[in-house]
Protein chains: 2
Amino acid sequence: MVNVALTITTKEEVGVLDEITKVISAFGFNISYANLYVGIDTGVLNIELENVENLDEFIEELYKIDFVLDIEKHSTLKDIFGKRIIIIGGGAQVSKVAAGAIIEADRHNIRGEHISVDTIPLVGEDNIADAVEAISRLSRVGALVLAGSLMGGRITEAVRAVKKERDLLVISLNMPGSVTSEADLIVTDPTQAGVMAVMAIADTAVFDVARLKGNNKF
Amino acid sequence: MVNVALTITTKEEVGVLDEITKVISAFGFNISYANLYVGIDTGVLNIELENVENLDEFIEELYKIDFVLDIEKHSTLKDIFGKRIIIIGGGAQVSKVAAGAIIEADRHNIRGEHISVDTIPLVGEDNIADAVEAISRLSRVGALVLAGSLMGGRITEAVRAVKKERDLLVISLNMPGSVTSEADLIVTDPTQAGVMAVMAIADTAVFDVARLKGNNKF
């Protein structure tokens, strides 16, 4: 049972995806990611499948669909970009948390891991709450770092909602606002927050937040 | 014609996606993003659709599928996270380019834009080349910054290939290796490289690489 990424080029026709997903369903694979571009006379479907068996047989079936022109196999986005740390907040803090996270990710990626650090500086309760909520619709997210100076209200509710839906580590900078009450870890120094986020999700690190037994403020 | 994001919760059954895409094809929408989680007895499909008309009618049709339990509407990932700068290279340089990009993105996002800065520190020609190639399978990418000290070979080929497939601005740090020959912009200072990447894709900036007329090394 492996995960594979395929790029399927097709003659642009309504129902392309319809036909292709019929084959996927027949093989009982899960789709972890899909992305479709429709050009003037060709369409390109990038798709990632989980629990794949009989790949050759599957690809053979796809080629039987008359508007399938080409199928390319790739490593999955998980193999290439790995687990993601997401950093959301104000520009000053996001940049400092990111610096810590990127340099620590570098130290793990050198040892063969693939950890990426994705960031967005945002202003305003609603913008930040929407971004936090959206994390439950992203794949490969291991940890969220809230890198602001004042976060509460809708943001706190969004963190609570995402933690219900996903197994997600939440690190918050030490700040006023109710959001720290939903964080697994509260860290005062932004560089440290970034480093700890990576250590917590890295396979090559021993740091385990569960072992802190409630002593979670640094 | 609008873009919408839907979270569709279904009873876990093989063929769920099959049925749902049949409806999508019938309405002639494009899928820009899809992500499927299959739980023990429910499945969750996160899907983003382009050029949507008659949304209410479409949702009505989806509810007619007997295993569709719930449909939630959200803003799209593009509305929330916006255009992405991708920074790939060594930890030291990636962190410095990211700092410039994040602080500049903050200045634009404050004015209502949504620009995110996604990074991965990687080591080795193949790892970096795979990451560059994979950009053509990601959505919302506006610019790539190559933040290394020596890049050529497969990495240069990957940049050439991605530029053929995507309208992508490529900024390279000033470094030895053939990769600079494929860059739209060669920048010596990493902070400057990050700031320029954001300025080049921001709606609220006047910087246009096309206007440099070949004078592209700073």
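Once a new chain begins, its residue numbering starts again from 1 and follows that chain's sequence as written. In the order they appear in the text, chains get letters beginning with A and ligands get numbers beginning with 1. Per-residue local features are limited, in this predicted model, to residues with pLDDT of at least 70; the limit for side-chain atom pairs, both in listing and counting, is 80 or more; totals at the level of whole chains, interfaces and linings are taken over all residues. Hydrogens and waters are ignored; side-chain quantities use all the structure's heavy atoms.

Trainee: Got a minute to help me understand the relation of the copies chain A and chain B in this structure?
Mentor: Two chain copies here: they are related by a rotation about an axis and a translation along the same axis. Superposition of the copies was done by least squares, using only C-alpha atoms of residues whose pLDDT is at least 70 in both. Between chain A and chain B, the superposition needs a rotation of 180 degrees and an axial shift of 0.0 Å, giving an RMSD of 0.0 Å. Here the transformation between the copies is reduced to the relation of a two-fold axis. For chain A, the minimum C-alpha distance to the rotation axis belongs to A:D118 and amounts to 2.0 Å. When you check the interface residues of chain A against chain B, 100% turn up at the interface there too, and the contact is symmetric in its surfaces. Two residues form a contact once any of their heavy atoms are found within 4.5 Å.

Trainee: Looking at this structure, how should I read the packing of helix α5 (residues 125-134) of chain A against helix α6 (residues 154-165) of chain A?
Mentor: Axes are the key here: two packed helices are described by the angle between their axes and the distance separating the axes. Residue and element names in this part refer to chain A. Where helices are involved, their axes are fitted lines through C-alpha atoms of the stretch in contact, as for all axes, and angles between N-to-C directions lie from 0 to 180°. Secondary structure follows DSSP: runs of H or I at least 4 residues long count as helices, runs of E at least 2 residues long count as strands, and numbering of each begins at the N terminus. In the contact formed by α5 and α6, the axes pass within 8 Å of each other and the chain directions differ by 5 degrees. Looking at the two axes, α5 sits roughly parallel to α6. Of the residues in α6, those in contact with E125, D126, I128, A129, D130, V132 and E133 of α5 are R154, I155, A158, V159 and V162. Split by residue class, the contact of α5 with α6 holds seven nonpolar, no polar and five charged. Here roughly perpendicular refers to angles of 65 to 115 degrees, roughly parallel to angles under 35, roughly antiparallel to angles over 145, and oblique to all remaining angles. Under this grouping Gly is polar, as are all residues other than the nonpolar Ala, Val, Leu, Ile, Met, Phe, Trp, Tyr, Cys and Pro and the charged Asp, Glu, Lys and Arg.

Trainee: Even after reading the chapter, I still don't get the packing of aromatic side chains, so can you show me in this structure?
Mentor: In this description, an aromatic ring pair is defined by two values, namely the gap between the centres and the angle between the planes. Two rings belonging to Phe, Tyr or Trp (six-membered ring only in the last case) form a pair when the distance between their centres is within 6.5 Å. Interplanar angles under 30 degrees mark stacking, angles over 60 mark edge-to-face geometry, and anything in between is tilted. One pass over the structure, following the stated rule, counts seven aromatic pairs over all chains. Relative to B:Y33, the ring of A:Y33 has its centre 6.0 Å away and its plane inclined at 80 degrees; by these criteria the two rings are edge-to-face. Taken as a pair, A:Y33 in strand β2 (residues 30-38) and B:Y33 in strand β2 (residues 30-38) lie in two separate chains rather than in one. Exposure class is identical for A:Y33 and B:Y33. Each is buried. Between B:F27 and B:F58, the ring centres sit 5.2 Å apart and the planes meet at 75 degrees, which makes this aromatic pair edge-to-face. A simple rule labels every residue: compare its accessible area, found with a 1.4 Å probe on the protein chains alone, to the largest value its type can have, and call it buried under 20%, exposed over 50%, or partly exposed in between.

Trainee: Where do I start with helix α4 (residues 91-109) of chain A in this structure?
Mentor: An α-helix turns once per 3.6 residues; consequently, residues spaced three or four apart project the same way. To estimate the expected span of a helix, count its residues, drop one, and scale the result by 1.5 Å. For α4(A), with 19 residues, the first-to-last C-alpha span of 25 Å sits near the 27 Å given by 1.5 Å per residue. The buried fraction of α4(A) is high, at 14 of 19 residues.

Trainee: Help me out: how do you make sense of helix α2 (residues 55-63) of chain B in this one?
Mentor: Residue and element names in this part refer to chain B. Among the residues of α2, those classed as buried are L55, F58, I59 and L62. Viewed end-on, α2 has its buried residues packed into an arc of 95 degrees, placing them on one side of the element. Across α2 from its buried face, at more than 90 degrees, point the exposed residues D56 and E60. What the arc describes is the spread of directions from the helix axis to the C-beta atoms.

Trainee: So what exactly am I meant to see when it comes to the interface of chain A and chain B here?
Mentor: When the parts of a complex come together, some accessible area is lost, and that lost area is often used as the size of the interface. Chain A puts 55 residues into the contact, and the matching count from chain B is 55 residues. Buried area, as used here, totals the accessible surface that two parts lose on assembly, with accessibility defined by a 1.4 Å probe and the loss added over both. In total, about 4700 Å² of surface goes out of reach between chain A and chain B, with carbon and sulfur atoms giving 60% of it. Of all residues in chain A, A:F81, A:I102 and A:R137 give up the largest surface area on contact with chain B, accounting jointly for 15% of the area buried on that side. Salt bridges are counted wherever a side-chain nitrogen of Lys or Arg sits within 4 Å of a carboxyl oxygen of Asp or Glu. Along the contact surface separating chain A from chain B lie zero salt bridges. Pairs of N or O atoms within 3.5 Å make up the polar contacts considered here, provided that, within protein, one atom can donate a hydrogen while the other can accept it, and that residues adjacent in sequence are counted only when both atoms are side-chain atoms. Between chain A and chain B we count 14 residue pairs in polar contact (both at pLDDT 80 or more) in total. Mapped by element, the contributors of at least two residues to the side of chain A that touches chain B are α1 (16-27), β2, α3 (77-81), α4, β6 (115-121) and α5 of chain A. A per-element tally of the side of chain A that touches chain B places α4(A) first, with ten residues. For the side of chain A that touches chain B, the per-class residue count stands at 27 nonpolar, 20 polar and eight charged. Pairing between strands requires that DSSP locate at least two bridges from one strand to the other. Relative to strand β6 (residues 115-121) of chain B, β6(A) is paired through three bridges, and the arrangement is antiparallel. Residue pairing in the sheet places A:T119 in a bridge with B:V117 of β6(B).

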